[in-house]
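Coordinate analysis (summary)
Okay, here's what each chain looks like letter by letter:
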Amino acid sequence: MKNILIPALFLSAGFALYEQSKPKPNLYIMCAAIVIFMVCMMKLGNKIPSKSDKHNEDDTQ
């Protein structure tokens, strides 16, 4: 799943920047690219373990 999210993240960011550089950018395309970027970031962020979880595991042992 991570192999799909990282390219989708970069493609959506690149597409949003390209669309923004146009003289008249389409607002709906920009919003869709930002939503895709944020969803990919959220899913990738969920895969990173937090430091507090590590401390909680150490306390329970």
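Residues numbered from 1 in each chain as written. Predicted model: local features only at pLDDT ≥ 70, side-chain atom pairs only at ≥ 80, totals over all residues. Heavy atoms only, no water.

Another point: a nonpolar patch on the surface. A grouping of Phe 15, Tyr 18 and Ile 29 is seen on the molecular surface, where their side chains present a nonpolar patch of about 290 Å² in accessible area. Relative to the elements of secondary structure, Phe 15 occurs in helix H1 (residues 2-21). Residue Phe 15 is classed as partly exposed on the basis of its relative accessible area of 40%. (Patch = residues over 30% accessible without salt bridge, like charges linked within 9 Å, V, L, I, M, F, W, Y side chains within 5 Å. Areas by Shrake-Rupley, 256 points an atom, 1.4 Å probe, with all protein chains shown as cover. Salt bridge = Lys/Arg side-chain N within 4 Å of Asp/Glu carboxyl O. Helix = DSSP H or I, 4+ residues; strand = E, 2+ residues; numbered from the N terminus. Buried < 20%, exposed > 50% of the residue type's maximum accessible area, 1.4 Å probe, protein only.)

Time to look at the confidence of the model for the protein. Mean pLDDT over the protein stands at 86; residues scoring 70 or higher make up 85%. When pLDDT is averaged over each element of the protein, helix H2 (residues 27-46) comes out on top at 92 and helix H3 (residues 51-60) at the bottom at 64. (pLDDT = per-residue confidence, 0-100.)

Going through the model one piece at a time under the given rule, you end up with 1 salt bridge. When the shortest N-O distance is used, the salt bridge between Glu 19 and Lys 22 registers 3.4 Å.

The next point concerns H1. Since the α-helix packs 3.6 residues into each turn, any two residues three or four apart lie on the same face. Helix length check: H1, at 20 residues, gives a terminal C-alpha distance of 29 Å against a target of 28 Å (1.5 Å per residue), a fit within 8%. The complete set of buried residues in H1 reads Leu 5, Leu 9, Ser 12, Ala 16 and Glu 19. Buried residues along H1 cover an arc of 115° about the axis, so they all sit on one side. In H1, the exposed positions angled more than 90 degrees off the buried face are occupied by Asn 3, Phe 10, Leu 11, Leu 17, Tyr 18 and Ser 21. (Expected span 1.5 Å × (residues − 1). Arc of directions from axis to C-beta.)

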